[in-house]
Amino acid sequence: MLYLCVKTILDLDHSETFDCLTEGGGDFGVDAIHISEEHDGEFTVSLFQAKYKNNFKGDANFPANGIEALINAIRYLFDPNATLQRINPRLLSKVEAARSLIRDGYIPQVRALACNNGQPWNIAAAEAIERSGFGNQVTWEHVNHDRLINILQATKPVKDTLRLSGKAIVEDMEFSRVLVGKIAIAEIADLIDRHGERLLERNIRRYLGLQGNRVNEGIRNTLINGEEKNFYFYNNGITLTCDSFTHNAFQQGDYQVRVENLQIINGGQTCMTIAKTLAQRSLFPQEAYVLIRLYQLPKENEDLVKNITYATNSQNPVDLKDLKANDERQKRLEIDMEALGFNYRRKRSESYSRSDITSGVAAEAVLSVWRRKPHQAKFFSREHFGKLYDSIFTDQLNGSQVITAVLLYRIAENRRKRPTEDDPDFVRYGSCFAAMQMGQKLLSDIKLDLASLNHEHFPKAQELVKTKGDNYFKAAIDDIQAALADLYGDRPISLQQLAATFRRGDLIEKLR
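Structural notes, computed from the coordinates. (Residues numbered from 1 in each chain as written. Predicted model: local features only at pLDDT ≥ 70, side-chain atom pairs only at ≥ 80, totals over all residues. Heavy atoms only, no water.)

Next up on the list: the overall build of the chain. Looking only at helices and strands, the chain has 20 helices and 13 strands in total. Looking at the chain as a whole, 52% of its 512 residues are labelled buried. Carbon and sulfur atoms form 47% of the exposed surface of the chain, whose accessible area is close to 24,700 Å². (Helix = DSSP H or I, 4+ residues; strand = E, 2+ residues; numbered from the N terminus. Buried < 20%, exposed > 50% of the residue type's maximum accessible area, 1.4 Å probe, protein only. Areas by Shrake-Rupley, 256 points an atom, 1.4 Å probe, with all protein chains shown as cover.)

Listed below in structure tokens is the structure:
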């Protein structure tokens, strides 16, 4: 259940989900933890605690002692000066990475997710949350089977009626139709209440929450601070797509627009924030409106939907892997790697095998091993399919180079997740740096430069990874150990310092 909650709520793939799990002895009441990239001086930490009962009535509350454990964890884990004892290594490495960010001046915003197959916490637990005094820096969420099902069943098409206010523009454009108008925010809240996350199936961002998100807090404050009338002017509006829409064209305005297969492709954060804000108020603001753009697009032109989604969202830090899936370079790599016996998953898939390589892993591996930017590989993943896309997936990149990079990267990642007793502490932070060094050692052994590594030489490269991969890793660790000694001398290095060192990429020049 814990795996399912983490994977579904955070929208992660198989390996990323397992990397979040920390349950077991010394887990400090935290069964899983995920740290986002920093943005606008903040970063989000999601803490999960799961309680499962073999009682299918689903009437048990999330236990109050579980909430107390999360409160205690939050109080100590994010205080860089607090001493942590009896904490397992998987959790410790992630906590010290978060503490390193805190010491660098970044502010943590914490999501505490209580997961069970029953009811939310009781009044006593709610009072404990109130007494904690964390305020808006911590948000509390209950996740149970009902919420998971709502997300997982989000494939059912949405059919509904949009009740617009005032005049609207409707225009035919080639094989598409466009409607531009305004709608009361109360209508948006009702729409979200009826359909929830089913409306966000094509939207490429998960809801980021009210607290700790500057944009969403601004939306909420406009609605509750007496500026409802200006909301239309302050907000960029909502973009929706549908298979078809109809309305009474004889009316002058106030259209009731019937829509088939409605989706929000831009403005999902706005809609969810409106719904959650108005749910907390006894009276809806009657004079608050938001701009909407409704596009009726050809059913067979899925690429157009993705291009519109990309264009309307690209100004924000979003995961663009899905939107780049049909790029010609991605298609070429898929064909190239298939010929070598590997499956390149440029699109999301629930199935997985060892011969599968996802586009996300490929980007991280290539950026580490061949582009020699391991700090960007690990800590700037939001830009792998944005600003860094062209430098990673060049026209010269071929399937042989990608597979070789991934095979080396997997060795380093496996040691990061399961270090031996003899491995130094930095192994948990420096896997991408180790992969970078391993790539250079392989090229030296095969006596090739990167441009010459193609399908002709791939069998030799694959054999070297298989027979000498562990030796490459050990040699890479020696390189990093020497570089750290050169950087810090004989001074002891704390885990927080190590995390910061690898995040900033201080070692890259020394490793050259």
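Here we come to the nonpolar core. Counting residues in hydrophobic clusters, the biggest one holds 60 residues, and the most contacted among them are Phe393 and Ile480. Where this core is concerned, the elements lending two or more residues are helix H12 (328-338), helix H13 (359-369), helix H15 (389-392), helix H16 (399-417), helix H17 (431-446), helix H18 (458-488), helix H19 (495-504) and helix H20 (508-511). Setting aside anything within four residues of it in sequence, one finds Phe393 in contact with Arg329, Gln330, Leu333, Tyr344, Ser359, Ala363 and Phe385. Ranked by size, the runner-up nonpolar core spans 33 residues in total, among them Leu162, Ile185, Ile192 and Leu199. (Core = buried A, V, L, I, M, F, W, Y, C linked by side-chain atoms within 4.5 Å. Contact = heavy atoms within 4.5 Å.)

A few words on the sheet that holds strand E1 (residues 32-35). The strand order across the open sheet built from 4 strands is E1-E2-E3-E4, with neighbouring strands paired in mixed fashion. Where the open sheet ends on each side, the last strands, each with one partner, are E1 and strand E4 (138-143). Neighbour-to-neighbour, the strand axes of this sheet turn through a mean angle of 15°, independent of strand direction. Relative to E4, strand E3 (residues 107-116) runs parallel, the two being bridged by 6 bridges. Note that in E4 the partner of Leu113 across the bridge is Glu141. Against the sheet, helix H1 (residues 2-10) touches E1, strand E2 (42-51), E3 and E4, its axis set at about 150° to E2. Relative to E1, helix H4 (residues 89-103) is tilted by about 30°, and along the sheet it contacts E1, E2 and E3. (Pairing = 2+ DSSP bridges. Axes fitted to C-alpha atoms, helices over the stretch in contact; angles between N-to-C directions.)

A word on the pattern of salt bridges. Counted by the stated rule, this structure contains 23 salt bridges. Of the charged contacts, one joins Glu364 and Lys378 as a salt bridge, the two residues approaching to 3.3 Å between their closest N and O atoms. A residue pair is termed long-range when its members are at least 10 positions apart, and Glu364 in helix H13 and Lys378 in helix H14 (residues 374-379) qualify at 14 residues. Note that Glu413 is salt-bridged to Arg416, the shortest N-O span being 2.8 Å. Remark: Arg416 and Glu413 occur in helix H16; sequence separation between them is 3 residues, near one turn of the helix. Grouping residues by exposure puts Glu413 and Arg416 together as buried. Bridged by salt links that share partners, the residues Asp19, Lys94, Glu364, Lys378, Glu413 and Arg416 form one connected network. (Salt bridge = Lys/Arg side-chain N within 4 Å of Asp/Glu carboxyl O.)

Attention now goes to helix H5 (residues 123-132). Those residues of H5 that fall on the buried side of the exposure criterion are Ala125, Ala128, Ile129 and Ser132. Considered in projection along H5, the buried side chains sweep an arc of 100° and stay on one side of the axis. Away from its buried face by more than 90 degrees, H5 exposes Ile123, Glu130 and Arg131. Looking at the buried side of H5, the elements it contacts are helix H3 (64-77) and E4. Two residues or fewer after H5 comes Gly133, characterised by a positive phi angle close to 75°. (Arc of directions from axis to C-beta.)

What follows is about the sheet that holds strand E8 (residues 244-246). Strand order across the open sheet formed by 7 strands is E8-E9-E5-E6-E11-E7-E10, with mixed pairing between neighbours. Taken across any chain shown, the strands that pair with only one partner, and hence form the sheet edges, are E8 and strand E10 (263-266). Sheet twist, expressed as the mean angle between neighbouring strand axes with direction ignored, is 40°. Here 8 bridges tie strand E6 (residues 176-184) to strand E11 (residues 289-296), and the two strands are oriented antiparallel to one another. Among the inter-strand pairings, Val180 is bridged to a residue of E11, identified as Arg293.

With that settled, consider the pairing of strand E5 (residues 159-173). Looking at chain direction, E5 and strand E9 (residues 256-260) are connected through 5 bridges and run antiparallel. Residue Arg163 lies in a different strand from E9, and its bridge partner there is Gln256. Connecting E5 to the next strand, E6, in antiparallel fashion are 2 residues, including Glu174 with a positive phi near 50°.

Here we take up the environment of Thr22. Tracing the backbone through its elements, the reader meets Thr22 in the loop between helix H2 (14-20) and E1. Judged by relative accessible area, Thr22 falls into the buried class, the value being 0%. Linking Thr22 and Ile87, residues 65 residues apart in sequence, is a C-alpha distance of 10.0 Å. Excluding its chain neighbours within four sequence positions, the residues that come into contact with Thr22 are Asp27, Val30, Asp31, Ala32, Ile33, Asn88, Arg90, Leu91 and Lys94.

Between H18 and H19, the least distance of the axes is 13 Å, while the angle of their chain directions is 105°. As far as their axial angle goes, H19 and H18 are roughly perpendicular. Each of Ile480, Leu484, Leu487 and Tyr488 in H18 lies in contact with H19, whose residues at this interface are Gln497, Leu498, Thr501 and Phe502. Of the residues in the contact of H18 with H19, the class split is 6 nonpolar, 2 polar and no charged. (Parallel < 35°, antiparallel > 145°, perpendicular 65-115°, else oblique. Nonpolar A, V, L, I, M, F, W, Y, C, P; charged D, E, K, R; others polar.)

Moving on to helix H10 (residues 268-279). In this model H10 runs 17 Å from its N-terminal to its C-terminal C-alpha over 12 residues, within 8% of the 16 Å that 1.5 Å per residue would give. Here H10 lies mainly inside the structure; 10 of its 12 residues are buried. The complete set of buried residues in H10 reads Gly268, Gln269, Thr270, Cys271, Met272, Thr273, Ile274, Ala275, Thr277 and Leu278. (Expected span 1.5 Å × (residues − 1).)

Looking now at the packing of aromatic side chains. Following the criterion strictly, the structure yields 9 aromatic pairs and no others. Ring centres 5.0 Å apart and planes at 40° place the aromatic pair Tyr3 and Phe18 in the tilted group. With Tyr3 in helix H1 and Phe18 in helix H2, the pair connects residues that are 15 residues apart, well separated along the chain. Accessibility expressed as a relative area gives 27% for Tyr3, which makes it partly exposed. Classification of Phe18 by relative accessible area gives partly exposed; the value is 45%. Here the aromatic rings of Phe433 and Phe502 are separated by 5.0 Å at their centres, their planes lie at 70°, and the arrangement is edge-to-face. Placement of the pair is Phe433 in helix H17 and Phe502 in helix H19, with a sequence separation of 69 residues. Every member of this aromatic cluster is reached through a ring pair, and the members are Phe385, Tyr389 and Phe393. The ring of Phe245 is capped by Arg177, whose NZ or CZ atom sits 4.1 Å from the centre of that ring. Its end group placed over the ring of Tyr289, Lys182 keeps NZ or CZ at 4.7 Å from the ring centre. (Phe/Tyr/Trp six-rings, centres within 6.5 Å; stacked < 30°, edge-to-face > 60°. Lys NZ or Arg CZ within 6 Å of the ring centre and 35° of its normal.)

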